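Per-entry structural report
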Amino acid sequence: MRCANLKLKQKRNLRAKRGSGDQRQLARPGGSCWPGPWPARAMLLCELCGQALRTEPEMRRHLLRAHLERESRCPLCSFSAPGFDELRAHVDSAHPEPGPAPAGGPPQCPFCGETGASRRQVEAHVRSRHGHLLDPPVPGNGQQLYECPMCDLVCVNCQILQEHVDLHLEEHRFSEDINVGGSLSDLELAQQLQNEEDRQQGLEEARREREEFQKLQRQYGLDSSGGYKQQSLKNMEREVARGRMQPSEYHKRKADMMESLAFGVDDGKTKTSGVIEALCRYYQNEIKDVRRVWLSTGVDHFHSSLGDKGWGCGYRNFQMLLSSLLSNGMYNDCLRDITLIPCIPKIQSMIEDAWKEGFDPQGASHFSNRLHGTKSWIGACEIYSLLTSLRLKCQIIDFHKPTGPLGTHPRLFEWVLSYYSSNREGGTKVVCTRKPPIYMQHQGHSRTIVGIEERKNRTLCLLIFDPGCPSQEMQKLLKQSNDDTSLKLLRKFVGSLKDKQYQIVAVDGELSPEEKVVRCQASQMFTAERIP
């Protein structure tokens, strides 16, 4: 690069001196400017800049002062050149290198002939191996110095300097070949294309990750798009626009919803009562393939509404569990402040209150200590924290991996049977226990276990309330002409539950105020009983 810059600078100087010869005003002897041609006499013209001089002494002085003192001198002889091209041509013709290396070959050391990958590598070799030959002489000893016209190197041997200058020229020729376009430029172009492709791929991956994250935020209600109230109004307006709801009905349902939210109680529009009683009657009359059956205390079914469709299953399952607890006198002391089933926004506030008491700080941090006004999903940990804050004794059981063939969970069925039949008495085929239902969570959904069948072939079948099942279907179970086809909504055999992991929350008694404090402290680091 230094060689190329020197060449460019010299060419610019020469071009600047020659570029305006036809517009120059010639100096007249005496100092004034002569606007026209010189008098008719023989004049001497400088071949370098075009200036006219009268005598040869003036020409010599002009050359010495205007050109020779600032021109490039040959480091090997007394020749001076006005430009780099002339100097290079002079060096190549007057001082040819004996036995030159093949064109395009690697540069060689001028002392031992060792080759290097680049000029800098050869120079480093020369300085390390032959540095004593390059040491500058002591000033005033009368030795002639040879300076490199392209860098600051000073030599005492003209042959060494010639080899050094050739290295400069070889580097310049090599860089020109790259600029013209050779195999290395193709490699650089390919590298640039690859880098650009990698950059575009990285941007695309970042965009996909951002979209997936936003999708998950929307799915789990963490996108700040409003909660139960906003979704209810939006979906009702959509129903009106599609002609599925009359405007009068829209205003009535809106008024009912606002009243329900103001009092913090569920409006009961998605509730189906009496299903457990209907099941008892059915099993007492139709008991073909069932050996024994255990059922929870009366449980109301709640299904998702326009306000919580897609995210409210956990809250609806809590309403089912709470409906059973409220009908069971064993828990009157714990639930004396709750007389009606709370609405979903109220349940969200109750969970926030449990967090404020100190339950499950990790879970609270996950939701940024806020559920009310959002569409955030809840799971077994939030249900446990809420129940424990109400002084209800409960536990989480984690069936973290399948325990049977084909990804099934027979140990889950055995645990549920043990839960319902722990106080097995007599030989009654239909046992309506005082056991509350069981909250069951798996990936993406939660349901409520309300009972279990023991078949005559000793297999087990869970009876499950699903908040995704609409009230119209659940009400079919209330008919007197019930049959096995209606029970398909509730029955889940071992082969039907094949999710990788299931977590259940079971209530079994009350807590004293002291036990509640202990459980609150234990929830600082949540642990569950793992099976297996």
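Report on the accompanying structure. Counting restarts for each chain: residues are numbered from 1 in the order of the written sequence. Reporting in this predicted model follows two pLDDT cut-offs: at least 70 for local features of residues, and 80 or more for side-chain atom pairs to be given and counted; totals over whole chains, interfaces and linings ignore these cut-offs and use all residues. As a rule here, side-chain values cover all heavy atoms of the structure and leave hydrogens and water aside.

What follows deals with the overall build of the protein chain. The helix and strand labels rest on DSSP assignments: H or I over at least four residues marks a helix, E over at least two residues marks a strand, and numbering proceeds from the N terminus. When helices and strands are tallied, the protein chain shows 17 helices and 19 strands. Split into buried and exposed, the 532 residues of the protein chain put 41% on the buried side. Residue-level accessible areas treat just the shown protein chains as cover; the underlying method is Shrake-Rupley with a 1.4 Å probe. Total accessible area computed for the protein chain in this model is approximately 30100 Å², and 50% of it derives from carbon and sulfur atoms. Relative accessibility under 20% of the residue-type maximum defines a buried residue, over 50% an exposed one, and the middle range a partly exposed one, all with a 1.4 Å probe and only protein chains included.

Moving on, we come to helix 7 (residues 228–241). With 14 residues, helix 7 extends 20 Å between its outermost C-alpha atoms, agreeing within 8% with the 20 Å of an ideal straight helix rising 1.5 Å per residue. Within the span of helix 7, buried status applies to Tyr228, Gln231, Ser232, Leu233, Asn235, Met236 and Glu239. Any pair of residues with heavy atoms lying within 4.5 Å of one another is described as a contacting pair. Buried residues along helix 7 sit against helix 8 (247–263), helix 10 (313–326) and helix 11 (344–357). Positive phi shows up at Gly243, right after helix 7, with a value of about 80°. One fewer than the residue count of a helix, multiplied by 1.5 Å, yields its expected span.

Here, the term nonpolar core denotes a set of buried Ala, Val, Leu, Ile, Met, Phe, Trp, Tyr and Cys residues that are joined through side-chain atoms within 4.5 Å. Counting residues in each nonpolar core, the largest one holds 61 residues, and the members touching the most others are Tyr283, Leu335, Leu387, Leu392 and Phe465. Beyond its immediate stretch of four places on either side in the chain, Leu392 contacts Leu325, Tyr331, Cys334, Leu335, Leu387, Val507, Gly509 and Leu511. If you look at the next biggest cluster of nonpolar residues, it comprises 22 residues, including Trp415, Ile452, Leu497 and Ala506.

We now examine the side chain of His409. Here His409 shows up in the loop between strand 12 (392–399) and helix 14 (410–420). By relative accessible area, His409 is classed as buried at 0%. Apart from the residues within four sequence positions on either side, His409 is in contact with Phe399, Lys401, Pro402, Thr403, Leu497, Asp499, Lys500, Gln501 and Tyr502.

Moving on, we come to the packing of aromatic side chains. Two aromatic rings, drawn from Phe, Tyr or Trp (for Trp, its six-membered ring), form a pair once their centres lie within 6.5 Å of each other, and the interplanar angle then sorts them: stacked below 30 degrees, edge-to-face above 60, tilted otherwise. Counted under the stated rule, the structure contains 6 aromatic pairs. Aromatic side chains Trp311 and Tyr315 sit 5.8 Å apart centroid to centroid with 80° between the ring planes, which places their arrangement in the edge-to-face category. Its relative accessible area of 5% is what places Trp311 among the buried residues. By definition, being over a ring means that NZ of Lys or CZ of Arg is both within 6 Å of the ring centre and within 35 degrees of the ring normal. Sitting over the face of the ring of Tyr419, Lys435 holds its NZ or CZ atom 4.9 Å from the ring centroid.

Below, the discussion takes up the pattern of salt bridges. Every case where a carboxyl oxygen of Asp or Glu lies within 4 Å of a side-chain nitrogen of Lys or Arg is listed as a salt bridge. Using the criterion set out here, one finds 22 salt bridges in the structure. Between Arg54 and Glu58 there is a salt bridge; the shortest N-O distance is 3.4 Å. What makes Arg54 partly exposed here is its relative accessible area of 38%. Close ionic contact of Arg316 with Asp266 constitutes a salt bridge, the shortest N to O distance being 3.2 Å. Taken together, the residues Arg316 in helix 10 and Asp266 in the loop between helix 8 and strand 9 (271–272) connect sequence positions 50 residues apart. Taking the relative accessible area as the measure of exposure, Arg316 reaches 1% and is therefore buried. Through salt bridges with shared partners, one network takes in Glu204, Arg207, Arg208 and Glu211.

Turning next to the environment of Pro342. With respect to the element layout, Pro342 can be found in the loop between helix 10 and helix 11. Between the alpha carbons of Pro342 and Ser260 there is a distance of 9.1 Å; along the sequence they are 82 residues apart.

Moving on, we get to the packing of helix 10 against helix 11. At their nearest, the axes of helix 10 and helix 11 sit 10 Å apart, and the two run at 90° to each other. Our classification of the angle between helix 10 and helix 11 gives roughly perpendicular. In this structure, helix 10 contributes Tyr315, Arg316, Phe318 and Gln319 to the contact, and helix 11 contributes Ile344, Ile347, Gln348 and Ile351. Throughout, the ten residues Ala, Val, Leu, Ile, Met, Phe, Trp, Tyr, Cys and Pro are labelled nonpolar, Asp, Glu, Lys and Arg are labelled charged, and all others, Gly among them, are labelled polar. Of the residues that constitute the contact of helix 10 with helix 11, the class distribution is 5 nonpolar, 2 polar and 1 charged. Only C-alpha atoms enter the line fits that serve as axes; for helices the fit covers just the stretch in contact. Angles between N-to-C directions range over 0 to 180 degrees. Angles are sorted into four bins: roughly parallel if under 35 degrees, roughly antiparallel if over 145, roughly perpendicular if 65 to 115, and oblique for all others.

By the criterion of burial, strand 14 (residues 438–442) is predominantly enclosed, with 5 of the 5 residues buried. Residues Ile438, Met440 and His442 of strand 14 are buried on one face, and the alternating residues Tyr439 and Gln441, pointing to the opposite face, are buried as well. Pairing between strands requires that DSSP locate at least two bridges from one strand to the other. Where strand 14 meets strand 15 (residues 445–455), 5 bridges bridge the pair, whose relative direction is antiparallel. Directly across from His442, in strand 15, lies its bridge partner His445. Across 4 bridges, strand 14 lies against strand 18 (residues 502–510) in antiparallel orientation. Within the sheet, the bridge partner assigned to His442 lies in strand 18 and is Tyr502.

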